[in-house]
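# A structural walkthrough
Now for the letters of each chain:
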Amino acid sequence: MDRSIVSSSPPRAGRPSTLYRQAGVLKNCVFCACRQRLRIVLSTASARHAGAVELCDMVLRRHLLRSWCGVATRSRWSTSRALHQGQSTPSQAQPVVLLGHPALRARCEPCGNDDLASEKAALVAALEAFRRANGFGRGIAAPQIGVTRRFIAVNMGDNHPVVRDPPRVLSDPVVTWRSAETFTLFDDCMSLPWILCAVRRHESISVEFTNEAGEREQWSEVDKPLSELLQHELDHLDGVLIVDLALPQGVISREVFDQDPSAFKDHVDYFIEPTV
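Residues numbered from 1 in each chain as written. Predicted model: local features only at pLDDT ≥ 70, side-chain atom pairs only at ≥ 80, totals over all residues. Heavy atoms only, no water.

### Side note on helix H5 (residues 224-237)
Short version of the rule: Helix numbering and strand numbering both begin at the N terminus, where a helix is a DSSP run of H or I of at least 4 residues and a strand a DSSP run of E of at least 2. Under the convention used throughout, the expected extent of a helix is 1.5 Å for every residue step, that is, one less than its residue count. Burial classes: relative accessible area under 20% of the type maximum marks a residue as buried, over 50% as exposed, and values in between as partly exposed (1.4 Å probe, protein chains only). We call two N or O atoms a polar contact when they sit within 3.5 Å, provided that within protein one can donate a hydrogen and the other can accept it, with sequence-adjacent residues counted only if both atoms are side-chain atoms.
Its 14 residues place the ends of H5 20 Å apart at the C-alpha level, agreeing with the 20 Å of an ideal helix rising 1.5 Å per residue. Judged by how many residues are buried, H5 sits mostly within the fold: twelve of 14 residues are covered. Of the residues flanking the start of H5, the one acting as N-cap is Asp223, its side-chain oxygen 3.1 Å from the backbone nitrogen of Leu226. Looking one or two residues beyond H5, the residue adopting positive phi is Gly239, at roughly 75°.

Here is the structure:
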């Protein structure tokens, strides 16, 4: 990068055009670096998802233009971005890592007899901070805060018949049964919040895990909303992301989806309902 772009001395008064030119060059450098990183990550996906690169280009360009031009835009992701960037929040939640972070591709190690109390508290804090900021969010897995151990946090709201007294922390979860019936949905993820992917999930599963008291607990033949959530979070523990599972219906921009969700309803069998 040209050293003239970054200077310890403030710009001279009366020379705004120089500052704008420098900001523009730096903005393009940042954009190109981000785009190259996304191309490297997404190149591991199958050829049918090549359009995701162009989609991420569009989202990055729009976000960076807004940021560098100083346009104050109202976004549902404002505090979510603060979490991703490691800025402090009232709960002191751990930052949520983004697509490309090595923890998201790790096969996580079992918790076993390790307490991991601080790591589990940090994961719960990240989930609850996201829910407060965005009005939705039901689960998060340890690798999403950079911890490569097998535990997840779940909050299905106050009235779910299985997930009582949320949020719950499930350690070393194992799927013990899967239904033959499946369904499709547009799934989203805190680690790539700018897109949704059409994926296929089992309608119901049973899962066994170690609970907060250190005892093994089982949730049997859970309902569709909890089933698809658990499948998503357990995939994280094996380094699997929704971009790896995307169906031909494809990958869509969160911004485009939010403008008219009904336009996509016929593409899948089920829509996720918020629990906040």
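### Quick look at helix H4 (residues 117-134)
Here H4 spans 26 Å end to end across 18 residues, near enough to the 26 Å set by a 1.5 Å rise per residue. Every buried residue of H4 is accounted for by Lys120, Ala122, Leu123, Val124, Ala125, Ala126, Leu127, Ala129, Phe130, Arg131 and Asn134.

### Considering the side chain of Arg149
Quick note on the threshold: Contact definition: two residues touch when any of their heavy atoms are within 4.5 Å.
Take Arg149: it is sitting in the loop between strand E1 (139-141) and strand E2 (151-154). There is a polar contact of 3.3 Å between the side chain of Arg149 and the backbone oxygen of Cys111. In this view, Arg149 contacts Cys108, Glu109, Pro110, Cys111, Asp114, Leu116, Ala142, Pro143 and Leu237; residues no more than four positions away in its chain are not counted.

### So, the pairing of strand E5 (residues 195-202)
Note the cut-off: Strands are treated as partners if at least two bridges between them are detected by DSSP.
The element E5 is largely enclosed, with a buried count of six among its eight residues. As paired elements, strand E4 (residues 182-187) and E5 share six bridges and run antiparallel to each other. By the bridge assignment for E5, Phe186 is matched with Ala198. Here E5 pairs with strand E8 (residues 251-253) via three bridges, running antiparallel. The residue of E8 that forms the bridge with Cys197 is Val251.

### Considerations on the layout of surface pockets
Going by this rule: Definitions used throughout: a 1 Å grid over protein atoms alone; a cavity as a set of points that fits a 1.4 Å probe which cannot get out; a pocket as an open set with protein on both sides within 12 Å along at least five of seven lines; a lining residue as one with an atom within 4 Å of a point. Grid points are joined across faces, edges and corners, and a volume is the space filled by probe spheres set on the points. Think of it as three bins: nonpolar holds Ala, Val, Leu, Ile, Met, Phe, Trp, Tyr, Cys and Pro, charged holds Asp, Glu, Lys and Arg, and polar takes everything else, Gly as well.
Roughly 480 Å³ of internal volume is contained in the second largest pocket. Along the walls of the second largest pocket sit 26 residues, with Phe136, Gly137, Asp188, Arg254 and Ile272 positioned nearest its centre. Elements represented by at least two residues in the lining of the second largest pocket include exactly E4, H5 and helix H7 (254-259). Across the lining of the second largest pocket, the residue classes break down as 14 nonpolar, four polar and eight charged.

### Focus: the sheet that holds E1
This is how it is decided: Note on definitions: angles span 0 to 180 degrees between N-to-C directions of axes, and those axes are lines fitted to C-alpha atoms, for helices only across the stretch in contact.
Strand order in the open sheet made by the five strands is E1-E2-E3-E6-E7, with antiparallel pairing throughout. In the strand order of this sheet, the two ends are held by E1 and strand E7 (216-219), each with one partner. Taking the axes of each pair of neighbouring strands and ignoring which way they run, one obtains an average angle of 35° across the sheet. Inspection of the sheet shows strand E3 (residues 168-178) paired to strand E6 (residues 205-210) by five bridges, in the antiparallel sense. Looking across to E6, one finds that Arg178 is bridged to Ile205.

### Digging into the nonpolar core
How we decide: The criterion is simple. A nonpolar core is a set of buried Ala, Val, Leu, Ile, Met, Phe, Trp, Tyr and Cys residues joined through side-chain atoms within 4.5 Å.
Membership of the largest hydrophobic core comes to 21 residues, with the highest contact counts inside it found for Leu123, Ile140, Ile145, Phe151, Ala153 and Met190. Secondary-structure elements contributing two or more residues to this core are H4 and E2. With residues near it in sequence (within four places) discarded, Phe151 still touches Cys111, Leu116, Glu119, Lys120, Leu123, Ala141, Ala142, Val169, Leu170, Ser171 and Leu237. Counting 17 residues, the second largest nonpolar core, distinct from the first, contains Ile152, Val163, Leu226 and Leu230.

### Observations concerning empty space enclosed by the protein
Applying the stated criterion across every chain yields a total of one cavity of 30 Å³ or more. Together, Arg201, His232, Asp235, His236, Val240, Leu241, Ile242 and Leu245 line the largest cavity. Taken together, the elements giving at least two residues each to the lining of the largest cavity come down to H5 and helix H6 (242-245). At three residues, the largest contribution of residues to the lining of the largest cavity is made by H5. Its residues assigned to classes, the lining of the largest cavity comprises four nonpolar, two polar and two charged.

### Some points on the packing of aromatic side chains
Rules: Only Phe, Tyr and Trp rings are paired, with Trp represented by its six-membered ring, and only when their centres lie within 6.5 Å; those with planes under 30 degrees apart are stacked, over 60 edge-to-face, the remainder tilted. By definition, being over a ring means that NZ of Lys or CZ of Arg is both within 6 Å of the ring centre and within 35 degrees of the ring normal.
A full pass over the atoms with the stated rule returns seven aromatic pairs. Measuring from ring centre to ring centre gives 5.5 Å for Phe183 and Tyr270, while their planes differ by 85°; the resulting arrangement is edge-to-face. Pair noted here: Phe183 is in strand E4 and Tyr270 is in the segment after H7, with a separation of 87 residues, a long-range link. Relative accessible area serves as the criterion here: at 1%, Phe183 is assigned to the buried category. Centroid distance Phe209 to Trp219: 4.8 Å. Interplanar angle 70°. Geometry classified as edge-to-face. Here Trp219 lies in strand E7 and Phe209 lies in strand E6, a separation of ten residues in the sequence. The two residues Phe209 and Trp219 agree in class, both being buried. Residue placement shows Lys120 over the ring face of Phe151; its charged tip is 5.9 Å from the ring centre.

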